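# Reading the structure
Here is how the chains run, residue by residue.
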Amino acid sequence: MKRHITSLLIHGNKEEKSAESNRSLKIPIYETASFDFETSEDMEKAFRGESNAFSYSRISNPTVNELQNRLQLFSGSAHSLCVSSGMAAISNVFLTLCSAGDNIITSRYLFGNTYSLFANTLSSFEIETRFTDLDNLSEIASHIDSNTRAIFLEVPTNPQLIIFDIEKIAALAQEKQIPLVIDNSILTPYAFHANEFCVDIEIFSNTKFISGGATSIGGAIQIYKSNKWQFIPKLKKEYDAFGQQAFFKRLYKEIYRNIGACLSPSSAWLQLLGLETIGVRIDRIEKNALTVAQFLENHPKVKQVSYLSLPSYKYFDRAQKYTNGHGGCLINLTLKDKKACFTMMDKLKMVRRGTNFCDNKSMIIHPASTIYWDYSANDKELMLINEGTLRLSVGLEHQDDIIEDLSRALQSI
Ligand SMILES: *Cc1c(COP(=O)(O)O)cnc(C)c1O
């Protein structure tokens, strides 16, 4: 019988227990830069890629490998590669897909650094990003040309919490043979199953739910079976030699090693530990979050609330369809203005003022004055970053305590 994902994430694959030693029930932390070889022939083989022996931890490491194995089980991907952060995952992916003169299609609703990577960093290497309305299929199609290398989106977008019609976008990407790249950091495969929607590449920031409550920074790239690599000029040589493995081969053999953003074994160990409890943490956080969202929705000082599993939420039907009823930890609440937001935040005694989410601790941020502080009013409007909106990440505390803290702070405005 095929076990449930929560069991697989605790035990791993029987066949993949090679990293356990001395019958240790936790995977050891292999904190070493380099590995020894019995003979020079063995060493030659490892360098030629003819054996799986470890040589150097920027290339592979047993603790990191085990995390990759578990994430592969979690997502159902064909290949899994861990890196030092979510941003490193996104950078590695686009540097593997794109050359100067190529373009990427996405929306303006993006994690702050991802937006900046597209708008500032990749553009300086002549990789163009075409920002568009991903709910308008004819507009997406009008941006596609022979140099388009990917359609990219977040499920849901951070911080706007928009869920696009992924099925329709995936169908267009199939028709036009463009790789579909999805950032599933917020929900993880526990809620959104990328392999059911023709996604070619999936990215996580392990820093969020996977790390087990914000213990460490990390990222991962999941690569699914795909025939689209043959249409990417940069992957032509790899496609002729390796077929469906073309993207992974180019990424792993070249880009990943040259960029050098490898995950540290200690962080991988924390993230392996995080995976063991991810199901119970998400279930409990979502129970808390729905109760908190309902409380906020009925509060006279709160103008608007967005939460994926709140029936009044604009994208509720899409959330039900794509995230299997899961809502995640993020709630957006809109107050009168920025001043009301700051007054309310400063009165909080338990909920922390901080920039992360999926932490065990509840946490709040005013995105307009922090993550997006140096964007113009016009840009913020285009990105739907509202001066009166707070992003709340609901944690694992008792729901009564979270509501008591929010309730008292809202009374102050
Ligand atoms: C946090 C986050 C990232 C970046 O991850 P880091 O681990 O901080 O580099 C990328 N995308 C989304 C949607 C995120 O929430």
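Note that this is a predicted model, so its numbers are computed, not measured.

## Digging into the domain arrangement of the chain
- Segmenting the chain into domains produces domain 1 (5–30 + 61–274) and domain 2 (278–410).
- At the junction of the two partners, domain 1 supplies 38 residues and domain 2 supplies 37 residues.
- Surface buried jointly by domain 1 and domain 2 totals about 3300 Å² across both partners, of which 64% is contributed by carbon and sulfur atoms.
- Contact with domain 2 buries surface across domain 1, with L161, Y190 and F209 losing the most and accounting together for 23% of the total.
- Linking domain 1 with domain 2 are 2 salt bridges, by the criterion used here.
- Put simply, K321 and E167 hold a salt bridge, and the shortest N to O gap is 2.9 Å.
- Counting the contacts that link domain 1 with domain 2 gives 16 residue pairs in polar contact (both at pLDDT 80 or more).

## Here we look at unusual backbone geometry
- The omega torsion across V155 and P156 is -15 degrees, close enough to zero to call that bond cis.
- When you line up the elements, P156 lands in the loop between β4 (148–154) and α7 (166–176).
- Following N158, the chain continues to P159 via a peptide bond in cis, the omega torsion being 10 degrees.
- Note on placement: P159 falls in the loop between β4 and α7.
- For Q177, which is not glycine, the phi torsion reads 60 degrees and is therefore positive.
- Position of Q177 among the secondary structure elements: in the loop between α7 and β5 (180–183).
- In this structure Q177 comes out as partly exposed when scored by relative accessible area, which is 33%.
- Phi at N324 is positive, roughly 55 degrees, even though this residue is not glycine.
- Topologically, N324 is positioned in the loop between α12 (316–322) and β9 (330–334).

Calculation rules
Residues numbered from 1 in each chain as written. Predicted model: local features only at pLDDT ≥ 70, side-chain atom pairs only at ≥ 80, totals over all residues. Heavy atoms only, no water. Domains from an automatic or database assignment. Contact = heavy atoms within 4.5 Å. Buried area = accessible area lost by both parts, 1.4 Å probe. Salt bridge = Lys/Arg side-chain N within 4 Å of Asp/Glu carboxyl O. Polar contact = N/O pair within 3.5 Å; in protein donor to acceptor, adjacent residues only side chain to side chain. Helix = DSSP H or I, 4+ residues; strand = E, 2+ residues; numbered from the N terminus. Buried < 20%, exposed > 50% of the residue type's maximum accessible area, 1.4 Å probe, protein only.

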